[in-house]
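# Geometric and topological summary
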Amino acid sequence: VQLQASGGGLVQAGESLRLSCVVSGSIIELQYMGWHRQAPGKRRELVARITGTEKSHYADSVQGRFTISKDNAKNTLFLQMDSLTPEDTAVYYCNTVEFSGGSYHDYWGQGTQVTVSS
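Below you will find a few notes about this structure. (Residues numbered from 1 in each chain as written. Predicted model: local features only at pLDDT ≥ 70, side-chain atom pairs only at ≥ 80, totals over all residues. Heavy atoms only, no water.)

### Comments concerning the packing of aromatic side chains
Formally: Aromatic contacts are taken between Phe, Tyr and Trp rings whose centres are within 6.5 Å, Trp giving its six-membered ring; a plane angle under 30 degrees counts as stacked, one over 60 as edge-to-face, and the others as tilted. Counting as a charge over the ring demands two things of the Lys NZ or Arg CZ atom: a distance within 6 Å of the ring centre and an angle within 35 degrees of the ring normal.
All told, the structure shown has one aromatic pair when counted by the stated rule. It is arginine 44 that lies over the ring of tyrosine 93; its NZ or CZ is 3.8 Å from the centre.

Rendered as structure tokens:
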């Protein structure tokens, strides 16, 4: 399983970006897919995740501004980010957790840089 994230860039505060993460390979039993971010000097944190049954969860800092979704037909995960602030500046990573062969497997994509200027 491989994940390819894209969509990052440089925007001004208040603007929007949409991140995409294409998943290739077979997912046996999806547990969840998620977006995480890591700002310079900070720990990686969960931004949002969505389960195989479409239940979503958001970090308090992005609740109401970000929306996670997935297109199962295209094996693609999205993160719509609105009302961006400089505090959202980070490298964003997508991941997927599946259960197969009696164990959980956690796959990560490469990061995509999001920079929000004030």
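Resuming the write-up.
### Details of the sheet that holds strand E7 (residues 66-71)
As a reminder, the rule being used: For two strands to count as paired, DSSP must find a minimum of two bridges between them. A run of H or I in DSSP counts as a helix once it spans at least four residues, and a run of E counts as a strand once it spans at least two, with each numbered from the N terminus. Orientation is described by axes fitted as lines to C-alpha atoms, over the contacting stretch for helices, and by angles from 0 to 180 degrees between their N-to-C directions.
With antiparallel pairing, the four strands of this open sheet are ordered in space as E1-E3-E8-E7. Looking at strand neighbours, the two that pair on one side only are strand E1 (2-6) and E7, the edges of this open sheet. Taken over all neighbouring pairs, the strand axes of this sheet differ in orientation by 15 degrees on average, direction set aside.

### Here's the deal with the side chain of threonine 76
Rules: We define a polar contact as two N or O atoms separated by no more than 3.5 Å, with the added condition that, inside protein, one atom must be a possible hydrogen donor and the other a possible acceptor, whereas residues neighbouring each other in sequence contribute only through side-chain atom pairs. When checking whether two residues touch, look at their non-hydrogen atoms; a contact exists if any pair is within 4.5 Å.
Relative to the elements of secondary structure, threonine 76 occurs in strand E8 (residues 76-81). Within polar-contact distance, the side chain of threonine 76 engages the backbone oxygen of lysine 74 at 2.8 Å. Residues contacting threonine 76, with those up to four places away along its chain left out, are Ser20, Cys21, Val22, Ser69, Lys70 and Asp71.

### Thoughts on the state of the cysteines
Threshold: Any cysteine sulfur atom paired with another within 2.5 Å is treated as part of a disulfide.
Going through the model one piece at a time under the given rule, you end up with one disulfide. Covalent S-S linkage joins cysteine 21 and cysteine 94, the inter-sulfur distance amounting to 2.1 Å. Around the S-S axis, the bridge from cysteine 21 to cysteine 94 shows a dihedral of about 65 degrees and counts as right-handed. Of the two residues, cysteine 21 sits in strand E3 (residues 17-24) while cysteine 94 sits in strand E9 (residues 90-100), which places them 73 residues apart along the sequence.

### Re the nonpolar core
The following threshold applies: Remark: nonpolar core denotes a set of buried residues (Ala, Val, Leu, Ile, Met, Phe, Trp, Tyr, Cys) joined through side-chain atoms within 4.5 Å. Classification of residues uses two cut-offs on accessible area relative to the type maximum, computed with a 1.4 Å probe and protein chains only: under 20% is buried, over 50% is exposed, and between them is partly exposed.
Judged by nonpolar contacts, the single largest core of 27 residues is most densely connected at Trp35, Leu79, Met81 and Tyr92. For this core, the secondary-structure elements that each account for two or more residues are E1, E3, strand E4 (30-38), strand E5 (45-51), E7, E8, E9 and strand E11 (112-117). No other element matches E3, which puts four residues into this core.

### Some words on unusual backbone geometry
Positive phi values are uncommon outside glycine, yet glutamate 54 reaches one of about 75 degrees. By secondary structure assignment, the location of glutamate 54 is in the loop between E5 and strand E6 (56-58). A positive phi angle is found at serine 83, which is not glycine, with a value near 50 degrees. By the element assignment, serine 83 lies in the loop between E8 and E9. On the accessibility criterion, serine 83 (40% relative accessible area) is partly exposed.

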